[in-house]
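# Observations on the model geometry
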Amino acid sequence: MPETFVQSTDDVVAFLKDQHNLIRDMFDDVIHATEPKAREKAFTDLRQLLAVHETAEEMVVHPRVRREVDEGDDIADSLLHEEHVSKEQLVALENMDIASDEFVAELTKFRDVVLAHAEHEEIEEFTKLTQELDADDLKRMAGAVQAAEAIAPTRPHPGVESATLNFAVGPFASMLDRARDVIGSALR
């Protein structure tokens, strides 16, 4: 798993926004890589961060929005739908030839979807959390998100978008994903 170099760890909103910025930069690294090996490494790092980031949001952030924010169920349901679609797209990208022009074209479309989703989170979810929660709550949530990311799967798993499913399936998927990552890196 790549180091995320996120600056803010005392506030869940700042932490996740920093990760959104990092994800934006990582997309550029993949798209602009000139060698297949470099593109593969950059894509693997991006895939891993996207997987753990979304899992942590599904386990910690969306459930809190459901409890604390007016219309929180609608907000969380909409974001979970976007995350499901993104996971399906990411799986499709994993199965493509990374050196192909088609991969770059599809990744560019995927980037636009992911960045639009991040913007939806920042506007519809993060803003409301900041209004509803105090600094101590935001700090505790940042710690919970970091803990969730530490045990999250490193590959997309469409259909596992709820907190309950992530707690039930996540540890096993994470163990398998992390083993696949280690074995895959040894074979490169």
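Our structure is the block above this text.
The residue count restarts for each chain, going from 1 along the sequence in the order it is written. Given that this is a predicted model, residues contribute local features only at a pLDDT of at least 70 and side-chain atom pairs are listed and counted only at 80 or more, while totals for whole chains, interfaces and linings are drawn from all residues. Excluding hydrogens and water, the side-chain figures rest on all heavy atoms present in the structure.

## Description of the nonpolar core
Which entries qualify depends on this criterion: We define the nonpolar core as a collection of buried residues of types Ala, Val, Leu, Ile, Met, Phe, Trp, Tyr and Cys that are connected through side-chain atoms lying within 4.5 Å of one another. Only protein chains enter the accessibility calculation, which uses a 1.4 Å probe. A residue is then buried if its area is under 20% of the maximum for its type, exposed if over 50%, and partly exposed in between. The helix count covers DSSP runs of H or I at least four residues long, the strand count covers runs of E at least two residues long, and both are numbered beginning at the N terminus. In this analysis, two residues are considered to be in contact whenever any of their non-hydrogen atoms come within 4.5 Å of each other.
Counting residues in each nonpolar core, the largest one holds 21 residues, and the members touching the most others are F27, F43, L50, L93, F103, L107 and F110. Counting residues per element, the ones that place at least two in this core are α1 (12–31), α2 (36–68), α3 (72–94) and α4 (101–132). Not counting chain neighbours up to four residues away, the residues in contact with F27 comprise L46, L50, L107, F110, R111 and V114. Listed in part, the 20 residues of the second largest apolar core include V13, V61, L133 and L138.

## A short note on α2
Formally: By this rule, a helix spans an expected 1.5 Å times one less than how many residues it contains. The angle between axes fitted to the seven residues ending at a residue and the seven residues starting there is what we call the bend at that residue.
An ideal rise of 1.5 Å per residue puts 48 Å on 33 residues; α2 measures up with 45 Å between its terminal C-alpha atoms. Of all the bends in α2, the greatest measures close to 40° and is centred on E58. Of all the 33 residues making up α2, 25 are buried; the element is thus mostly covered by neighbouring parts of the structure.

## Observations regarding the packing of aromatic side chains
Quick reminder of the rule: Pairing of aromatic side chains requires ring centres within 6.5 Å, counting the rings of Phe and Tyr and the six-membered ring of Trp. Pairs whose planes differ by under 30 degrees are stacked, by over 60 edge-to-face, and all others tilted.
Tallying each qualifying case throughout the model produces 2 aromatic pairs. Their ring planes at 85° and their centres at 5.3 Å tell us that F43 and F103 sit as a pair that is edge-to-face. Of the two residues, F43 is situated in helix α2 and F103 in helix α4; the sequence distance between them amounts to 60 residues. Take F43: its relative accessible area is 6%, and that puts it in the buried class.

## Topic: helix α5 (residues 135–151)
Heads up, the condition is: It is the directions from the helix axis to the C-beta atoms that the arc portrays. Any pair of N or O atoms that falls within 3.5 Å is considered a polar contact. Within protein, one atom must be able to donate a hydrogen and the other to accept it, and sequence-neighbouring residues count only if both atoms are side-chain atoms.
Counted at 1.5 Å a residue, the expected span for α5 with its 17 residues is 24 Å, and the 25 Å between its end C-alpha atoms agrees. Restricting attention to buried positions, one finds in α5 the residues D137, L138, M141, A142, V145, A148 and E149. Within α5, the buried residues cover an arc of 140° as seen down the axis, which keeps them to one side. Exposed and oriented more than 90 degrees from the buried face of α5 are R140 and A150. Where α5 begins, the side chain of D134 points an oxygen toward the backbone nitrogen of D136, at a separation of 3.2 Å.

## Re a negative patch on the surface
How we decide: Only residues above 30% relative accessible area that lack a salt bridge enter a patch, with like-charged residues linked at up to 9 Å and the nonpolar side chains Val, Leu, Ile, Met, Phe, Trp and Tyr linked at up to 5 Å. The method behind every accessible area is Shrake-Rupley, applied with a 1.4 Å probe, and residues are considered shielded solely by the protein chains displayed. For this analysis, a salt bridge means a side-chain nitrogen from Lys or Arg found within 4 Å of a carboxyl oxygen belonging to Asp or Glu. Charge convention: Lys and Arg are scored as positive, Asp and Glu as negative, and His as well as the terminal groups of each chain are ignored. By convention, charge coordinates are those of NZ in Lys, CZ in Arg, CG in Asp, or CD in Glu.
Among the surface-exposed residues, D70, E71, D74 and E132 lie close enough to one another that they form a single negatively charged patch. Summarising the element assignment, E71 is placed in the loop between α2 and α3.

## Here we look at the packing of α2 against α5
Here is the rule: The axes are straight lines fitted to the C-alpha atoms, using for helices just the contacting stretch, and the angles between their N-to-C directions are given from 0 to 180°. Two helices cross in a left-handed way if the nearer one is turned anticlockwise from the farther one by less than a right angle. They cross in a right-handed way if the turn is clockwise. Side-chain classes are defined by residue name, with Ala, Val, Leu, Ile, Met, Phe, Trp, Tyr, Cys and Pro counting as nonpolar, Asp, Glu, Lys and Arg as charged, and the others, Gly among them, as polar.
Between α2 and α5, the shortest axis-to-axis distance is 8 Å and the interhelical angle comes to 145°. Every pair of crossing elements has a handedness; the one defined by α2 and α5 is right-handed. Where α2 approaches α5, its residues V52, H53, A56, M59, V60, V61 and R64 are matched on the opposing element by D137, M141, A144, V145, A148 and E149. Residue composition of the contact of α2 with α5, by class: 9 nonpolar, 1 polar and 3 charged.

## What about unusual backbone geometry?
One non-glycine residue, E71, lies in the positive phi region at around 65°. By relative accessible area, which is 61% here, E71 ends up exposed.

## Description of the environment of Q89
Secondary-structure assignment places Q89 in helix α3. Residues Q89 and F110 lie 21 residues apart in sequence; the distance between their C-alpha atoms is 7.0 Å. Those residues in contact with Q89, other than ones at most four positions away along the chain, are F110 and V113.

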